[in-house]
Every structure is written in C-alpha cells, then in structure tokens.
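Each chain is listed here by its residues.
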Amino acid sequence: KEFIYKRSNEAFAEGDVLRDSIRSIEELEKRKVYIREKFIEALGGLPSSDAPLNPVITGIIHCRGFRIEKVIFESRPKVFVTANLYIPGEIAQRRGAVLFLCGHHEQAKHQDEYQIVCQYLVRAGLVVLAQDPVGQGERFSYYEKSLGKVTIRWGTEEHDYAGSQCYPLGDSLARYFVHDAMRGIDYLCTRPEVDPQKIGVTGNSGGGTQTSLLMICDPRVAAAAPATFIMNRQSYMYTGGAQDAEQVWPGMTAFGFDHEDILLMMAPKPVLVLAAKYDFFPIEGTRRTFERSRRFWSLFRKEENIRIFEDNSEHKYTRAMAKKAAEFFSAHLLGWKAVPEDKEIEALTPSKLWCTKSGQVRGEIEDARFVFDENLQRLEEIEKTRDALQEQERKEMAIAWLGEKVFAYRVPCDLNVRHILCEQE
C-alpha cells in the first residue's frame, strides 16, 4: 500500500505542477484538449451516437404549475434509458434546461430526494430531464422476470459486477454512464421547449460523478453544478474509501489528473460546486480544489462564474443545495434568478413516475440490451480483429503488451538473490 501511495503522491504533485504552470488561456485550452483526450482513452473510447433515439412518451402527469412526461429513449440500439421530463407550464419560446443525473439511490429518478431537486428546478422555470443510470431505477441489468427480483443487487454491486467485465476489454463502465448522459442532452436538444445552447447538468454522489464525466467529455454543457463529489483525490486516498466501477478511471493518476481538471474543463462557463460539510468526501479536499481552480476563471476575467456552496449536512442533495442550484441555473440559463417556495415542493408516489408498467425495462422489453450484452459484442469485435493476425504476430504483440504492463514504472537494478535456510522435518 505504501508503495502505491508513494507513486500516487508523486503523480498528484506532478499534476499540481502542470496545472500551476498554466499562465494563459491558450495553455489552459491545451490542458483541456489533453485531459479530454486522455480521459476518453482511459474509458475505452465512447460509443457512437449515430443511432436514432427513438423516444417514446409512455404517460404524462399533470402537476400544479408543471407537467411530467414519462420518456424512454435508446442511448444505443436497444439500450433503453428511462427518464422523467419536467416541463414548466406556459412555455412561449425555447428556454434553458437541466439534465439531472442520479446518485446511488435504488429508485433513482423517482427517489423522493431527487424528485424534490427536480421540482425546485422546474418551479424556477427550467425544463428538467431526470434519467435512470445503469443498475438503478427501472434499469436493473440483472432483474429476472420469472423470479420477480434481481440476481445481482442494484447500484454499486451491479456496477462493480458489470464493471469487472469491462476491464479485460480495456474499458471502464464509465463509458456507458457518460454516453447515456450525452444522449440525454441529445434528447433535450430535440425538444421544442429547449434551447440547445443553454443546457446545464447537476447531480450528487454518483450523480456528481456523472456530472463530472459530462463536464469533461461533452463541451455542449453550458453550466454545471456537481454536488457532493468534487474533492481532492490525494486526501480521499488516505480515507481508505472505495469507489465503484464507473468512478475508476484507469491510468489517469499517472497523468497527474485530479478534480481540479474536472472544474477547469468548464472555465469560463458557470460552475457551482455543491458540498456537504460532513461528507465522507473530505471537505478540506473540496475546498482546496475549489480555491486552486478559481484562477482559471480569472484568466477570462469571469471570477463571478465559479462559486461554492457548503451545507451543514451529511452526504445528500439537500433542499438548501436544490434552492441554490435553482437560483444558479435560472440566473445563467434563463436570465433571471428564481427561488421557489419550499411549501410548493412535495414528492409524488415513486411508482407514478415509472416509465414502464412493471417498473423494470428488463421485466417487459424482451430485446432490451444491457452492459453485459455490449461487453459480449465488444469481445466479439476484439476476437475478430485478433483472429485476423498471424499466430507469431499475435504472440509478439501479447508479449510486448505483457512486458509493458509488468515493467511499467520499474527501474532496472542488480539482481540480489537471498538464500534462506529453512529447517526441514
């Protein structure tokens, strides 16, 4: 462990040096290009977005001052994303919208905590799309209709289970999380109520992870409010805390990557960092990252576009954070600052927001595809490419790859063999 920590600390220090050396907008833009390129490469690349979304509205809920459309779209062929679209009443022209990305709650988009955030945003006048991530809400990959239950538990357990299948292919599960989110923006762009140039993103915990992924990978994001995730990776390393598969980005530590790089990808666009003072992500790391990142907005003389809000809470998307997010997004995406009344906000019965009748895509769409299906397809493509090579060429490539992995970061030294005497019975 100490060896790994030492290597990581050296990489984090080098990352600080590289970011500290940025003195101009041109140098900052080069860093952005570099981080985006290396990050997407670390994920195994991104799937194609050429396939049609084929959106279907399965129902509408009329609420006081807004309506909720139950939407299912295909992020990739036969990969169905279940989502709720919150639309303010009386929209006369296109306006700003927010993509809401869910953290690790079993019910995801229809969880009370997240419904409340979406209602604050829609009552501020924003269009809001809340979508279920892989393994949550209506998207349990290992739900068995015949049993009426899952064989692999939702959320982090499913993420790690499916994610472990991605690693041997050179992929990260994060490629599917970020691509689903990008396709969510694609869907918002098709809506007549939405101005495609004014789409923001927010989410907390695992949703903060997804928000960060989108901030890095999709330049279309006009404003972002990552919640209860932005931190400092060095300080979190010493907590011993875990991260599940979509939060593990292979090789990025070696490039000196840290959460400052997530924030700087947005400069000079508006960013609101939402933090909980008593989070398991150390607040000291969050503050350090925020303070060190502010100067990137100063290069554009847009210091007012990056802010932080800390709530006296544990790890969650609190009402206070939701109100700040509503104020932030309405100001930057609508042109006015709105803070809805607390008394207007009340969550609906979760099952009312289901896009499917059964509450599970896998429970009723027979040809639906999930990450394990996509991994099988990726494997078939790799094997096809590999089988086209001559045996000797394959062997040489395999040995070269293995040598690169085994000897990476190792400095050659003399062989100092120890002979140890052992008593024998």
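Caption draft 1: Representation of the overall build of the chain within the structure. Within the chain, the secondary structure is distributed over twelve helices and eleven strands. In terms of principal-axis extent, the alpha carbons of the chain reach across some 80 × 55 × 45 Å. Considering only intrachain contacts with a sequence separation of at least 6, the fraction spanning at least 24 residues in the chain is 75%. Accessible surface for the chain amounts to roughly 20600 Å². Of this, 52% is attributable to carbon and sulfur atoms. The chain carries 57 positive and 63 negative side-chain charges, and their two centres are separated by 5 Å.

Caption draft 2: Spatial organisation of the pattern of salt bridges. Taken as a whole, this structure holds 34 salt bridges when the rule is applied. Across the pair Lys323 and Asp342 runs a salt bridge whose closest N-O atoms are separated by 3.4 Å. Note that Lys323 is positioned in helix 10 (residues 319-334) and Asp342 in the loop between helix 10 and helix 11 (371-387), a separation of 19 residues in sequence. Here the salt bridges do not stand alone but share partners, grouping Asp16, Arg19, Asp20, Arg31, Glu260, Asp261, Arg288 and Arg292 into one network.

Caption draft 3: Expanded view of the packing of helix 1 (residues 2-20) against helix 9 (residues 283-298). It is the contact of helix 1 with helix 9, at a shortest axis distance of 11 Å, that shows an interaxial angle of 25°. Relative to helix 9, the element helix 1 is oriented roughly parallel. Contact residues: Asp16, Arg19 and Asp20 in helix 1; Arg288, Arg292, Arg295 and Phe296 in helix 9.

Caption draft 4: Up close: unusual backbone geometry. In the segment running from Ala267 into Pro268, the intervening peptide bond is cis, with an omega of 5°. Mapped onto the elements, Pro268 comes out in the loop between helix 8 (259-264) and strand 10 (271-276). The backbone of Ala108 sits at a positive phi, close to 50°, despite the residue not being glycine. Following the sequence through the fold, Ala108 ends up in the loop between strand 4 (95-101) and helix 3 (112-123). Residue classification places Ala108 among the buried positions, given a relative accessible area of 0%. Its identity as a non-glycine residue notwithstanding, Ser205 has a phi of 60°, on the positive side. Turning to its location among the elements, Ser205 is positioned in the loop between strand 8 (194-204) and helix 6 (206-217).

Caption draft 5: Main features of the environment of Asp195. On the secondary structure map, Asp195 appears in strand 8. Between the alpha carbons of Asp195 and Asp160 there is a distance of 36 Å; along the sequence they are 35 residues apart. Within the structure, Asp195 has its side chain in polar contact with the backbone nitrogen of Gln197 (distance 2.9 Å).

Thresholds, definitions, all that
- Residues numbered from 1 in each chain as written.
- Predicted model: local features only at pLDDT ≥ 70, side-chain atom pairs only at ≥ 80, totals over all residues.
- Heavy atoms only, no water.
- Helix = DSSP H or I, 4+ residues; strand = E, 2+ residues; numbered from the N terminus.
- Contact = heavy atoms within 4.5 Å.
- Areas by Shrake-Rupley, 256 points an atom, 1.4 Å probe, with all protein chains shown as cover.
- Lys, Arg positive; Asp, Glu negative; His and termini not counted.
- Charge placed at Lys NZ, Arg CZ, Asp CG, Glu CD.
- Salt bridge = Lys/Arg side-chain N within 4 Å of Asp/Glu carboxyl O.
- Axes fitted to C-alpha atoms, helices over the stretch in contact; angles between N-to-C directions.
- Parallel < 35°, antiparallel > 145°, perpendicular 65-115°, else oblique.
- Buried < 20%, exposed > 50% of the residue type's maximum accessible area, 1.4 Å probe, protein only.
- Polar contact = N/O pair within 3.5 Å; in protein donor to acceptor, adjacent residues only side chain to side chain.

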